[in-house]
Amino acid sequence: MNSIIQKSFENGRLVVFLGAGASFSSKTQNGEQIPLGVELSKIIMKEMGYTYSNESLSEIYQAAKTCMGQQRLIELLNKYFKNTRPSEEYKYLVSLPLTRIYSLNIDDCV
């Protein structure tokens with residue numbers, strides 16, 4: 001372990017920054033795998049009535065806000081990212097003496 005990271009951890013001053021992969025083994029409220037990247041893109045495209053053709057998630061999200069409306073899009077995202085079941089790794093992470101955990105994720109696993 002990097003000595004700076006180890007010292008921060010030992011002093012209870014470590015801050016963790018998580019990206020999308022952190023939710024990989026967590027589950028939705030229905031016990032399904034949380035959709036990441038391409039899978040989420042496919043779900044949104046299907047909801048809009050289109051076939052996924054390798055568009056970026058950010059493009060699809062912007063189109064969905066217009067096509068579906070913001071409220072319907074939020075409801076769709078809530079289905080997959082609200083009331084999630086955190087993975088064992090997440091449960092362990094929050095048990096550590098961390099100063100803060102920052103996340104780019106829209107799920108509520110942490």
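Residues numbered from 1 in each chain as written. Predicted model: local features only at pLDDT ≥ 70, side-chain atom pairs only at ≥ 80, totals over all residues. Heavy atoms only, no water.

Visitor: Explain the overall build of the chain here, please?
Guide: Looking only at helices and strands, the chain features 5 helices and 2 strands. Mapped from its N terminus to its C terminus, the chain presents α and β elements in the order α-β-α-α-α-α-β. Referenced to the eigenvectors of the C-alpha coordinate spread, the extents of the chain come out at roughly 50 × 25 × 20 Å. Evaluated residue by residue, the chain yields a buried proportion of 27% over its 110 residues. Accessible surface for the chain amounts to roughly 7400 Å². Of this, 52% is attributable to carbon and sulfur atoms. Of the side-chain charges in the chain, 12 are positive and 11 negative, and the distance between the mean point of each set is 4 Å. (Helix = DSSP H or I, 4+ residues; strand = E, 2+ residues; numbered from the N terminus. Buried < 20%, exposed > 50% of the residue type's maximum accessible area, 1.4 Å probe, protein only. Areas by Shrake-Rupley, 256 points an atom, 1.4 Å probe, with all protein chains shown as cover. Lys, Arg positive; Asp, Glu negative; His and termini not counted. Charge placed at Lys NZ, Arg CZ, Asp CG, Glu CD.)

Visitor: Looking at this structure, how should I read the pattern of salt bridges?
Guide: In a structure, side chains of opposite charge can pair up when their charged atoms sit close to one another. Under the definition given, this model contains 3 salt bridges. For K42, the salt bridge identified is with E39, shortest N-O distance 3.8 Å. You can see K42 and its partner E39 sitting in helix 2 (residues 38-48), 3 residues apart, about one turn around the helix. Overall, the relative accessible area of 38% leaves K42 in the partly exposed class. Here K91 and E88 are joined by a salt bridge, their closest N and O atoms 3.3 Å apart. On the criterion of helical spacing, the pair formed by K91 and E88 is a turn pair, its members being 3 residues apart in helix 5 (residues 88-95). With relative accessibility at 57%, the residue E88 sits in the exposed group. (Salt bridge = Lys/Arg side-chain N within 4 Å of Asp/Glu carboxyl O.)

Visitor: How should I be thinking about the packing of helix 3 (residues 57-67) against helix 4 (residues 70-81) in this particular structure?
Guide: When two helices pack together, their arrangement is given by the angle between the helix axes and by the axis-to-axis distance. The contact between helix 3 and helix 4 brings their axes to 7 Å, and the two run at 125 degrees. Relative to helix 4, the element helix 3 lies oblique. Facing helix 3, whose interface residues are Y61, A64 and K65, helix 4 presents Q70, L73 and L77. Split into classes, the residues belonging to the contact of helix 3 with helix 4 amount to 4 nonpolar, 1 polar and 1 charged. (Axes fitted to C-alpha atoms, helices over the stretch in contact; angles between N-to-C directions. Parallel < 35°, antiparallel > 145°, perpendicular 65-115°, else oblique. Contact = heavy atoms within 4.5 Å. Nonpolar A, V, L, I, M, F, W, Y, C, P; charged D, E, K, R; others polar.)

Visitor: What should I look at first to understand the environment of E39 in this one?
Guide: Take E39: its relative accessible area is 43%, and that puts it in the partly exposed class. Remark: the alpha-carbon pair of E39 and S103, spanning 64 residues in sequence, is separated by 20 Å.

Visitor: In this structure, what is going on with a nonpolar patch on the surface? I would like to understand it.
Guide: A cluster of nonpolar side chains, contributed by V15, F17, Y102 and L104, occupies part of the molecular surface with about 440 Å² of accessible area. Residue position: F17 is located in strand 1 (residues 14-18). Look at F17 and you get exposed, because its relative accessible area is 57%. (Patch = residues over 30% accessible without salt bridge, like charges linked within 9 Å, V, L, I, M, F, W, Y side chains within 5 Å.)

Visitor: Help me out: how do you make sense of helix 1 (residues 3-10) in this one?
Guide: Structurally, the α-helix is built with 3.6 residues per turn, so residues lying three or four positions apart point the same way. Burial within helix 1 is sparse, with just 0 of its 8 residues counted as buried. Backbone nitrogen of I4 and a side-chain oxygen of the N-cap are separated by 2.7 Å at the start of helix 1; the cap is N2. One or two positions beyond helix 1, positive phi appears at G12, with a value near 70 degrees. (Polar contact = N/O pair within 3.5 Å; in protein donor to acceptor, adjacent residues only side chain to side chain.)

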